[in-house]
Amino acid sequence: MLINHPILGPRDASEFVYLGDANLIHRPDWQAEDALAQFTKYGYLRDNPAGEHRELWFHEQGDRSWLIVTRNTLTHEISKVEMARDVASAEGRSK
Amino acid sequence: MRYSGFRVIKEALTGHRGWGPAWRDIDPKSSYDYIIIGGGGHGLATAYYLAKEFGKSRVAVLEKDWIGGGNVGRNTTIIRSNYLLDGNEPFYEFSLKLWEGLEQELNYNAMVSQRGILNLIHSDAQRDAFIRRGNAMILNGADAELLSTEQILKSYPFLNVDNARFPIMGGLAQHRGGTVRHDAVAWGYARGADQRGVDIIQNCEVTGFKIENGRCLGVDTTRGFIGAQKVGACVAGSSSRLMAKASMRLPIETHVLQAFVSEGIKPLLPGVITFGAGHFYCSQSDKGGLVFGGDIDGYNSYAQRGNLPVIEDVCEGGMAILPMLGRARLLRSWGGVMDMSMDGSPIIDRTHVDGLYFNGGWCYGGFKATPASGFAYAHLLATDTPHQTATAYRFDRFATGRMIDEKGMGNQPNLH
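Calculation rules
Counting starts from 1 at the beginning of each chain's written sequence and moves along it residue by residue. A letter from A marks each chain and a number from 1 marks each ligand, given out in the order of writing. Selection of residues for local features in this predicted model requires a pLDDT of at least 70, selection of side-chain atom pairs for listing and counting requires 80 or more, and totals for whole chains, interfaces and linings are taken over all residues. Derived side-chain values reflect all non-hydrogen atoms in the structure, with water molecules and hydrogen atoms excluded from consideration. The way it works is that DSSP assigns letters per residue, a run of H or I at least four long becomes a helix, a run of E at least two long becomes a strand, and they are numbered from the N terminus. A 1.4 Å probe rolled over the protein chains alone gives each residue an accessible area, and that area as a share of the maximum for its type sets the label: buried under 20%, exposed over 50%, partly exposed in between. Here, Shrake-Rupley sampling with a 1.4 Å probe gives the accessible areas, and only protein chains in the shown set may cover a residue. Positive charges come from Lys and Arg alone, negative charges from Asp and Glu alone, with His and the N- and C-terminal ends not counted. For the purpose of locating charges, the reference atoms are NZ of Lys, CZ of Arg, CG of Asp and CD of Glu. Contact between two residues is taken to exist if any of their heavy atoms lie within 4.5 Å; hydrogens are not considered. Counted as salt bridges are all cases of a side-chain nitrogen of Lys or Arg within 4 Å of a carboxyl oxygen of Asp or Glu.

1. Comments concerning the overall build of chain A
- A count of helical and extended segments in chain A gives two helices and six strands.
- Sequence-ordered secondary structure for chain A, helices as α and strands as β, is β-β-β-α-β-β-β-α.
- Every one of the 95 residues in chain A was classed for burial, and the buried ones make up 43%.
- As presented, chain A carries roughly 5,500 Å² of accessible surface, and 50% of it is formed by carbon and sulfur atoms.
- Side-chain charges in chain A split into 11 positive and 15 negative, and the spacing between the mean points of these groups amounts to 3 Å.

Put into structure tokens, the structure is as follows:
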């Protein structure tokens, strides 16, 4: 698989480390009333879809940036690659 | 029909016209007491033990394609019970004991071959860990023996013991481990279940569950609605897809694992060897092919095929430990998709829906578990209590902190 890095262009997937579902950037509020239940879901439950999947890849052998890759788990086709940083700041989360 | 040597001779003399099908091709009835979703090894074993051990009739197995076409037909056929943790080892040892009696019980030649499995050791720390594991195995009634490099070389004189990075410093052997003809396991359980009245219904895909007031009343299928007292999901690899129809999210990611076979060569490997440090394990099939594999690809996939980097990684591991492997041509490679759970261990449990049960999360270790998985799942379905060897395989272990994490990797499925 080739991952079209937004800055570096097409890079072989073997340069990356795979973390999992991109929802992992949405860490729950540790001060919430139901923080334990939220963290249990966050840590252990996954949608695991057959089809389009947004997921986190880390460019360990490259610029060490986190990417959010939209990839089809049935065909391995990659339709979109974003910087995780940009996605988070668009949500108003990062400074 | 009972299979025997006499029967083979008789059929040979009469033109093989008397064999008949090994199980019935049958249309679904309108309702059953027990429906097992998934006609793989585990599902068929579950149906078999429901009928045989728990005396249940009105049992059906629903399979979306043909039985045995999923992971039971795609694995590398190894059986063993060399686990460390209390939640796992009694279960896998129970499974190995069932394997030992399986062919006589089923009257079916599954080619169970206890040729032994050997885990190679490359450092003092690894030896300590393997001694601990061997002791845990022995405490749970399994067999384990620590071998020196000299002892290993008697059986495997060609191993590269002086590898600069991973010198071989010994190994942990389980002599009762080995290999089994995987397809025959599915067929043997199917035949045994069918003989006890289980309906095996192929080309019947479950498209939804009928759930009312928190109770599962049956399943919608491509061949219509089928009612049931109890429904057992048993579709590892596709568990998340199926259980989403019951509004469940699982502690599972689906990953692809590749396997490989070389061209057939003369007898070389007497048993199974695992080179965990190099992501490589290998045995030799009775047809002569070297059957080997390594790590999962490491990303979510339902594609039943992997990518080239892992093929390269596995072959490099093979070349490091078995340099002669480079002379053999790779005949085939294939992939299977598996439920990678959050702690690397399976789940056999009830769900939040009454009458709906779950069996899955087998990671890449489901084949060896087939008999015990079927037995324990049948026990749960029939009695609503877990089998004594499967009490730890609960959904709520992630919430209560009772994970069964053999490698201590945490909630990262692609590291188990």
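2. Quick notes on the overall build of chain B
- Within chain B, the regular secondary structure consists of ten helices and 18 strands.
- Taken along the three principal axes of its C-alpha coordinates, chain B extends 65 × 65 × 40 Å.
- When burial is assessed residue by residue, chain B has 58% of its 416 residues classed as buried.
- Long-range pairs, those at least 24 residues apart, make up 75% of the contacts in chain B with a sequence separation of at least 6.

3. Regarding unusual backbone geometry
- Located in the positive-phi region is arginine 64 of chain A, a residue other than glycine, with phi close to 60 degrees.
- As for its placement among the helices and strands, arginine 64 of chain A is situated in the loop between strand 4 (52–58) and strand 5 (66–72).

4. Re the pattern of salt bridges
All names here are of chain B.
- Applying the stated criterion across every chain yields a total of 25 salt bridges over all chains.
- Glutamate 105 is paired through a salt bridge with lysine 52; the nearest N and O atoms lie 3.3 Å apart. Within this pair, whereas glutamate 105 is found in helix 3 (residues 89–106), its partner lysine 52 is found in helix 2 (residues 41–52), the two being separated by 53 residues in sequence.
- Given the relative accessible area of 33%, lysine 52 is considered partly exposed.
- Among the ionic pairs, glutamate 93 bridges to lysine 97, the shortest N-O distance being 2.7 Å. Note that glutamate 93 and lysine 97 are positioned in helix 3 at a spacing of four residues, about one turn of the helix.
- One network of salt bridges, in which partners are shared, links Glu93, Lys97, Glu100, Asp143 and Arg176.

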